[in-house]
Amino acid sequence: MVLRLLDKAKVKLDLNRLGIYEETLTSLKKELSRPHGMILVTGPTGSGKTTTLYSALSHISTIRKNVVTIEDPVEYQLELVNQVNVNEDQGLTFANTLRSVLRQDPDVVMVGEIRDKETAEVAVQASLTGHLVLSTLHTNESAGAIIRLVEMGIESYLLTSSIAAVMAQRLLRSICSDCATNYFPPRELLERVGWHGSTGSFVIGNGCKECFDTGLRGRTGIHEILVMDDGLRDCILQEPTVQSIRNYTMRNGMRTLKDEAFRMIETGRTTFEEAMSVVFLDEAEEPALTAVNE
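Residues numbered from 1 in each chain as written. Predicted model: local features only at pLDDT ≥ 70, side-chain atom pairs only at ≥ 80, totals over all residues. Heavy atoms only, no water.

1. A few points about the packing of aromatic side chains
The condition that has to hold: Side-chain rings of Phe, Tyr and Trp (the six-membered ring for Trp) are treated as a pair once their centres are within 6.5 Å; stacked means planes under 30 degrees apart, edge-to-face means over 60, and tilted covers the remaining angles. A run of DSSP states H or I qualifies as a helix once it reaches four residues; a run of E qualifies as a strand once it reaches two. Both are numbered from the N-terminal end. To sort residues, take the accessible area from a 1.4 Å probe on protein chains only and compare it with the maximum for the residue type: under 20% means buried, over 50% means exposed, and anything in between is partly exposed. Ring-over charges, as used throughout, are those where CZ of Arg or NZ of Lys falls within 6 Å of the ring centre and within 35 degrees of the ring normal.
According to the stated counting rule, one finds five aromatic pairs in the structure shown. For the pair Tyr54 and Tyr76, a centre-to-centre distance of 5.8 Å together with 75° between the ring planes defines the contact as edge-to-face. With Tyr54 in helix α2 (residues 49-60) and Tyr76 in the loop between β2 (67-71) and β3 (81-85), this pair connects stretches of sequence that are 22 residues apart. You can call Tyr54 buried: its relative accessible area is 0%. Relative to Phe272, the ring of Phe202 lies with its centre 5.1 Å away and its plane at 70°, an arrangement referred to as edge-to-face. Placement of Phe202 in strand β8 (residues 202-205) and of Phe272 in helix α11 (residues 272-278) is noted, with a sequence separation of 70 residues between them. Comparing Phe202 with Phe272 shows no difference in burial state: the two are buried. Three or more aromatic residues joined by ring pairs form one cluster here, namely Trp195, Phe202, Phe262 and Phe272. Looking at Arg255, its charged tip hangs above the ring of Tyr21, at a distance of 4.3 Å from the centre.

And the structure:
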């Protein structure tokens, strides 16, 4: 059985308290200050995308702005925000609701998820006609969001004009502070995950009653943000691939999810095993996970 708890009393809808790296947070806040454009948050189910979007809305919503959300379902009630539940059985789809909302002169619109071409088209047009649009996509990384929209049938030239930024995120379990201890991972593991930092001791949780003998307690987010610029626009217009977009953004200094996971490991906040289970398995061989357990 899986129980999903939405604790309204404890949720932290504050961008400054989500664990976003300072440079990434600065870039995100800058893009949120735009009067129009589209900002996407990507990641798998349960990676905290909705919390990030709610925190972004809390950051920018004021009494002077007409902020509307279209969700399935509405998870938290936000002050100064008009929230709408979609109901596909009654024809209240994301696309139809978004069209109705755009007739109400909104300044900011949050679309819970872009699931199909119709919703994507309306969201792109809204961002091109003076609205700030926030939404989510299910892709593994920020570069994948652009390719997903292209595959849905959105023209590349529209994406270069509408997308302001794409942020990908994951949640990593944190090392329990009550049973944290030093350990030395195998050198083979460090080589497989591409570790280039110090090869001294790292931190791991031994397990205690506070963490139910798991060595891990609580979760923290890691994020990467792709910001649209002229070079990226040229890249997207030239039959882009995930790899070509990723290569461009990394050449221009984007901190990837892997970079952020490494930073968490280096500062003793998570383990190689946890990071590999969430981030590295796309790039590292599966046997590396066994090396940690051994």
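Resuming the write-up.
2. A look at helix α1 (residues 22-32)
The line we're drawing: Throughout, the arc means the angular range of directions from the helix axis out to the C-beta atoms.
Every buried residue belonging to α1 is among Thr24, Leu25, Leu28, Glu31 and Leu32, and all of these are buried. With its buried residues spanning 130° around the axis, α1 presents them on a single face. Away from the buried face of α1 by more than 90 degrees, exposed residues Glu22, Glu23, Thr26 and Lys30 are located.

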